[in-house]
Structure formats: C-alpha cells, structure tokens
Amino acid sequence: MADAYCPDCKKSTEVAFDHSAGDTVCTECGLVLEAHSIDETSEWRTFANESGDNDPVRVGGPSNPLLTDGGLSTVISKPNGTQGEFLSSSLGRWQNRGSNPDRSLILAFRNIATMSDRLGLVATIKDRANEIYKKVEDLKSIRGRNQDAILAACLYIACRQEDKPRTVKEICSVANGATKKEIGRAKEYIVKQLELEMGQSMEMGTIHAGDFLRRFCSHLGMTNQAVKAAQEAVQKSEELDIRRSPISIAAAIIYIITQLSDDKKLLRDISLATGVAEGTIRNSYKDLYPYASRLIPSSFAKEEDLRNLCSP
C-alpha cells in the first residue's frame, strides 16, 4: 500500500498495485490511476524444468573471445529419474570422448581469477593477464615449466601494463607456492618469448614509488594528514638522484613521516607492511636523510622537528 493523489476523490488516498495487469488503483473509488506500468524491480522467477531446481539465473555466462567456442559450449547435466540417468550416462560418455581443447585454458583463467580476487584487482587486469597467458600458451613453449609461476608472472606483467603495479612479494603471496625467484624467472621468460614473437620490445610501464605508497599507508593505518605528506614527499623524491628501487623509497619515506608524527611506527611493522627488509629501509633512509628538509612539507613538520629527526 502507498499514497497517491486521486483526481476523483480530490485528495491523497491509499492505492493498490495490481502486478498482473500493471495497474495502480485507488482503494476508495476504484479509479485506475496508472495502467500498464512497468515493474523495474528484479525478476527472480525460476524457469527450470525440475520443480526442485530453485536457481533463478535466466542467462548463461559471458562469452570469452580467448576460448575456441567463446566459452559458450553445452555441458550435459544429469537429470533425475532412471530414464534420465540412462540418457545422461549415454550422452555423458560421448561428451567425455570429445577432447576439449580449451580445458587447460579454462583452468588457467580460473586460477588467474582467484589470484586477482585475493589481491583485490580490477577486471581489466585479470583480462589482460588472461590475454598474456593465451599468447604464451599459443607459442607452445611453456610445457614442463612451473605453471603456478607462469600464471603469477602473467598477473605481475598485467599489473605493470595497467599502471597498477604490485610487488613480486604481493604476487607471491597468492601464487600457490611459487617462490619469488620462480616468478621472476617466469616473468623474464614470458617477456623474452613475447618480444621474439612481436619483433619489438614489450611495454611494461614505469614503476613509481607513489604506485605503492597509498596501499602501504593503508596497511599501517596512517592518518590522512600523514598520507598526504608522504605522497608529497614521494613526488619530490622523483626530482632527486636516489638510486634505490621505488618500493624502497616508498618504505623509507613512510618511515620518515611516521617518525615525525605522533603515531610512530616500528621499523619492523613498516617492513611487514611494505615487504622491504629492515636493512634496506635503513639504507634508503640514509640516502634520503640529507634531503629531508626538501622532501617533507613544511605544513607537516617544522624545521625544529626535522633537526630532531634521528640521524642514520
């Protein structure tokens, strides 16, 4: 029941909805206020043949251009009943006799999707990783190699190409046992094979410290003010000739910012959040320390605070 203005009653009255006819009717005088209205809510009727099947899905999955049949092949399910079991067993045997050329691809795409979901990656990265794996698989050159490392390397390359890089350690955490060294070797092998196939260098994208900073700060639970100061410091650090990896620079800047804030973080906690060894963070801190006054925004730390910053 809801209220609506009725022109016959000259007032707002309760109305009833006739969903079968799509009419809105005044409960006091019976006037049809609206006819053949469209119900825009979700329709969850089941169209299954079996009475016990409550699956409301009315469509199949999306097509996949990377698969031979677009991922829209028919799979014979097992119906209920004695005759159905006989029919299913007969057709099932014929279906199993026909080899599916995309079986390994489907399994690989499923594993990539699982890793992407665990890392919280967007669908475009997952699709790019699928494309990379399909290209490598078509070359027939990955047989006998560590499959988990190959899939993880495809995902790492996809993150780089989509300008959403992840560290090798982050990829390794969801790689089903593949080590950093194995993923690194697989990445180099894939890049080499694809470059030979394309006849040109493969675009991997440039890594910047800012690509990792916000995620690291989130893991550490830093305040918005500290995160903004760290982002500004990272941008300024790109103007300096600091020969350290972007991940190490991001970790060192986070260490500096936290030491200048009220919510100080232990070096061990920063190492766990960033995946950078404590010794590497200390060495990067030594390289950045002489430029602290240029890197840290004056709105975040005063000159006196910078002088009191622990020397490396």
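Look above for the structure.
Keep in mind that what you see is a predicted model, and the values were worked out from it rather than measured.

## Observations regarding the sheet that holds strand S3 (residues 23-26)
Part 1 of the reasoning: With antiparallel pairing, the four strands of this open sheet are ordered in space as S1-S2-S3-S4. Every other strand in the sheet has two partners, leaving strand S1 (2-6) and strand S4 (32-34) as the edge strands with one partner each. Averaged over all adjacent pairs, the angle separating strand axes in this sheet is 50°, with direction ignored.
Part 2 of the reasoning: Across five bridges, S1 lies against strand S2 (residues 11-18) in antiparallel orientation.

## Describing the side chain of Thr274
Part 1 of the reasoning: Here Thr274 is to be found in helix H10 (residues 267-274).
Part 2 of the reasoning: Judged by relative accessible area, which is 4%, Thr274 ranks as buried.
Part 3 of the reasoning: Separated by 3.3 Å, the side chain of Thr274 and the backbone nitrogen of Val276 make a polar contact.
Part 4 of the reasoning: Dropping the residues within four chain positions of it, Thr274 is found in contact with Phe216, Ile247, Ala251, Ile254 and Ile281.

## Looking at the packing of helix H7 (residues 210-220) against helix H9 (residues 246-260)
Part 1 of the reasoning: Between H7 and H9, the shortest axis-to-axis distance is 10 Å and the interhelical angle comes to 45°. Looking at the two axes, H7 sits oblique to H9. Where H7 crosses over H9, the handedness of that crossing is right-handed. From H7, Phe212, Leu213, Phe216, Cys217 and Leu220 reach across to H9, where they touch Ile247, Ala250 and Ile254.
Part 2 of the reasoning: A breakdown of the residues in the contact of H7 with H9 according to their chemical character gives eight nonpolar, no polar and no charged.

## Some words on the nonpolar core
Part 1 of the reasoning: Ranked by internal contacts, the top residues of the largest apolar core, which has 37 residues, are Tyr133, Leu155 and Ile190.
Part 2 of the reasoning: Residue assignment for this core shows that the elements contributing at least two residues are helix H2 (103-119), helix H3 (123-138), helix H4 (147-161) and helix H6 (180-198).
Part 3 of the reasoning: Counting residues per element, this core draws most heavily on H4, at 11 residues.

## A few points about the environment of Ala273
Part 1 of the reasoning: Within the secondary structure layout, Ala273 lies in helix H10.
Part 2 of the reasoning: The exposure class of Ala273 is buried, given its relative accessible area of 17%.
Part 3 of the reasoning: Sequence separation between Ala273 and Ala251 is 22 residues; the distance between their C-alpha atoms is 8.9 Å.
Part 4 of the reasoning: Setting aside its immediate chain neighbours within four residues, Ala273 contacts Phe216, His219 and Leu220.

## A word on the pairing of S3
Side-chain direction in a regular strand flips from residue to residue, so the side chains alternate between the two faces of the sheet.
Part 1 of the reasoning: Sheet analysis places S2 next to S3, joined by four bridges and oriented antiparallel. Opposite Val15, over in S3, you have Cys26 as the bridge partner.
Part 2 of the reasoning: Counted along the chain from S2 to the antiparallel partner S3, the turn is four residues long, and its residue Gly22 has a positive phi close to 75°.
Part 3 of the reasoning: Bridge count between S3 and S4: two bridges; the pairing is antiparallel. Directly across from Thr24, in S4, lies its bridge partner Glu34.
Part 4 of the reasoning: Remark: five residues form the turn of the hairpin made by S3 and S4, two consecutive strands paired antiparallel; Gly30 in that turn has positive phi of roughly 85°.

## Focus: the state of the cysteines
Disulfide: a covalent bond formed between the sulfur atoms of two cysteine residues.
Part 1 of the reasoning: Scanning the model with the defined rule gives zero disulfides in all.
Part 2 of the reasoning: Free of any disulfide, Cys29 has its nearest cysteine sulfur in Cys6, 3.5 Å distant.

## What to know about the packing of aromatic side chains
Part 1 of the reasoning: This structure, assessed with the given rule, holds three aromatic pairs.
Part 2 of the reasoning: Here the aromatic rings of Phe212 and Phe216 are separated by 6.0 Å at their centres, their planes lie at 15°, and the arrangement is stacked. Highlighted residues: Phe212 and Phe216, both in helix H7, separated by four residues, approximately one helical turn.
Part 3 of the reasoning: Residue Phe212 is classed as buried on the basis of its relative accessible area, which comes to 1%.
Part 4 of the reasoning: Its relative accessible area of 1% is what places Phe216 among the buried residues.
Part 5 of the reasoning: Arranged with centres 5.9 Å apart and planes meeting at 65°, the rings of Tyr285 and Tyr289 form a pair that is edge-to-face.
Part 6 of the reasoning: Overall, Tyr289 belongs to the partly exposed group, its relative accessible area being 24%.

Cut-offs and rules
- Residues numbered from 1 in each chain as written.
- Predicted model: local features only at pLDDT ≥ 70, side-chain atom pairs only at ≥ 80, totals over all residues.
- Heavy atoms only, no water.
- Pairing = 2+ DSSP bridges.
- Helix = DSSP H or I, 4+ residues; strand = E, 2+ residues; numbered from the N terminus.
- Axes fitted to C-alpha atoms, helices over the stretch in contact; angles between N-to-C directions.
- Buried < 20%, exposed > 50% of the residue type's maximum accessible area, 1.4 Å probe, protein only.
- Polar contact = N/O pair within 3.5 Å; in protein donor to acceptor, adjacent residues only side chain to side chain.
- Contact = heavy atoms within 4.5 Å.
- Parallel < 35°, antiparallel > 145°, perpendicular 65-115°, else oblique.
- Left-handed = near helix turned anticlockwise from the far one by under 90°.
- Nonpolar A, V, L, I, M, F, W, Y, C, P; charged D, E, K, R; others polar.
- Core = buried A, V, L, I, M, F, W, Y, C linked by side-chain atoms within 4.5 Å.
- Disulfide = S-S within 2.5 Å.
- Phe/Tyr/Trp six-rings, centres within 6.5 Å; stacked < 30°, edge-to-face > 60°.

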